[in-house]
Amino acid sequence: MELIVIQEIGGTVKAVEKGVEIAQRMVEEANRLERVECPISDLMIGLECGGSDAMSGITANPAIGMLSDWVVERGGTTVLTEMTELIGTMQVLKSRARNEEVAEKLEAAVNKAQEIAVQVLGEKAGYAIAPGNMDGGMTTIQEKALGCMRKGGTSPIMDVVGYGERPAEKGLIVMDGPGNDAESITGLSAMGCQLIFFTTGRGNPLGHVVTPVVKIASNDELYEKMKDNIDMSCGVMLEEGYTFDDMQQDMVKLMLRVANGEKTKAEIHDTKAMVCLMSWNPAV
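Being a predicted model, the structure only gives us computed values, none of them experimental. (Residues numbered from 1 in each chain as written. Predicted model: local features only at pLDDT ≥ 70, side-chain atom pairs only at ≥ 80, totals over all residues. Heavy atoms only, no water.)

Participant: Describe the nonpolar core, and please don't skip the residues or the numbers.
Facilitator: Formed by 44 residues in total, the largest nonpolar core has its most connected members in I216, M251 and M255. Ranked by residues supplied to this core, first place goes to helix α5 (residues 100-121) with seven residues. With sequence-adjacent residues up to four places away left out, I216 is seen in contact with A60, I64, F197, F198, T199, T200, I230, M232, C234, M251 and L254. Formed by 14 residues, the second largest nonpolar core is a distinct cluster that contains M44, I185, M191 and F198. (Core = buried A, V, L, I, M, F, W, Y, C linked by side-chain atoms within 4.5 Å. Buried < 20%, exposed > 50% of the residue type's maximum accessible area, 1.4 Å probe, protein only. Helix = DSSP H or I, 4+ residues; strand = E, 2+ residues; numbered from the N terminus. Contact = heavy atoms within 4.5 Å.)

Participant: Account for unusual backbone geometry, naming residues and giving values.
Facilitator: Positive phi, close to 65 degrees, is recorded for E82, a residue that is not glycine. A relative accessible area of 0% means that E82 is categorised as buried.

Participant: Can you break down the packing of helix α3 (residues 60-73) against helix α11 (residues 244-259) residue by residue, with the values?
Facilitator: When two helices pack together, their arrangement is given by the angle between their axes and by how far apart the axes lie. The interhelical angle for the contact between α3 and α11, taken along N-to-C directions, is 65 degrees, at an axis separation of 9 Å. The way α3 lies across α11 gives a crossing that is right-handed. Along the contact surface, α3 presents P62, A63, I64, M66, L67, W70 and V71, while α11 presents F244, D245, M247, Q248, M251, V252 and M255. Within the contact of α3 with α11, the residues separate by chemical class into 12 nonpolar, one polar and one charged. (Axes fitted to C-alpha atoms, helices over the stretch in contact; angles between N-to-C directions. Left-handed = near helix turned anticlockwise from the far one by under 90°. Nonpolar A, V, L, I, M, F, W, Y, C, P; charged D, E, K, R; others polar.)

Participant: Talk me through the sheet that holds strand β1 (residues 44-49); I want residue IDs and the actual numbers.
Facilitator: With parallel pairing, seven strands are arranged side by side in an open sheet as β3-β4-β2-β1-β5-β7-β8. Each of the sheet's edge strands pairs with one partner strand only, and the pair in question is β3 (157-161) and β8 (232-233). Bridging between β1 and strand β2 (residues 77-80) involves four bridges; their strand directions are parallel. Bridge assignment links G46 to a residue of β2, and that residue is V79. (Pairing = 2+ DSSP bridges.)

Participant: Which residues make up the environment of R150, and what values do they have?
Facilitator: Here R150 lies in the loop between α7 (141-149) and β3. Classification of R150 as partly exposed rests on a relative accessible area of 40%. In the structure, R150 is positioned 91 residues away from T59 in sequence and 10.0 Å away in space, judged by C-alpha atoms. Residues contacting R150, with those up to four places away along its chain left out, are G57, N61, P62 and G65.

Participant: Please provide a residue-by-residue account of the pattern of salt bridges, values included.
Facilitator: For the structure on display, the rule yields 11 salt bridges. Residue K112 pairs with D176 through a salt bridge whose shortest N-O separation is 2.7 Å. Placement of the pair is K112 in helix α5 and D176 in the loop between β4 (171-175) and α8 (181-190), with a sequence separation of 64 residues. The exposure class assigned to D176 is buried, which follows from its relative accessible area of 11%. It is possible to trace a salt-bridge network through shared partners that takes in E2, R25 and E29. (Salt bridge = Lys/Arg side-chain N within 4 Å of Asp/Glu carboxyl O.)

Participant: Break down the pairing of β3 for me, citing the residues and quoting the values.
Facilitator: The side chains of a regular strand alternate between both faces of the sheet. Most of β3 sits inside the fold, with four of its five residues counted as buried. Pairing of β3 with β4, which is carried by four bridges, proceeds in the parallel orientation. By the bridge assignment, V161 is partnered in β4 with M175.

Participant: Tell me about the side chain of D231, and please be specific about residues and values.
Facilitator: Along the chain, the position of D231 falls in the loop between α9 (220-225) and β8. One buried charged residue, D231, remains without a salt bridge, the closest side chain of opposite sign being K265 at 5.3 Å. Separated by 2.8 Å, the side chain of D231 and the backbone nitrogen of K215 make a polar contact. At 2.9 Å, the side chain of D231 forms a polar contact with the backbone nitrogen of K265. In this view, D231 contacts V213, V214, K215, Y223, L254, T264 and K265; residues no more than four positions away in its chain are not counted. (Lys, Arg positive; Asp, Glu negative; His and termini not counted. Polar contact = N/O pair within 3.5 Å; in protein donor to acceptor, adjacent residues only side chain to side chain.)

Quick look at the structure:
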């Protein structure tokens, strides 16, 4: 890891020059790397949602959950995050914790997010969701949270880690991080996720400069409207009789293609978020 401190290096100009020097060296080192075969157990997949609608918790998020279970069953790691979007799911989350210690970590993380939400938004914080979510047919934070949680499938929660912290365990992990999409996927990238599956019902086009982001639509109407940004639609389960098993197989194939180098729509069209790694502190 490289660290540049403007005050220590002697000002902005020297800091930029040093940054360019480091970046050039990293590019040279990356160009010398050779591709090698890796098992599924080496994969770490980030799970994200943004611009959700009423269908997100019915189609796309449960389908991502089945992908998560598939990866975990084969020894890999998946990461659920966005603590503000897990408010209201405490009992369910704790029931899936692998032990009491993990259950306590989950409770602390969700309680912290809820306390801050109340401080910022008042006593009716549980009803405060984004206008786009409301337009998409959602009503409360809890409704959104129940859909968000389904991205984690049915696997036991093995641990709760800090923002950008690399987990010591494999399996389903919860990262204590923000709900803001750009900050959230940056934390997932920092902790080591090689891919991020990102569901949307309203059309969030966000990608990332470091990690491939696979965009999944919750409905076919959105997919048809935003084919430049969306990699796959889960709306087929509603309109063409697809089952969750069918969707899981399609997602596994897409995941393996991207892991093997196929570019996502966000990479092709360069709709990537700036790297904005921050110290996650919901009190700020």
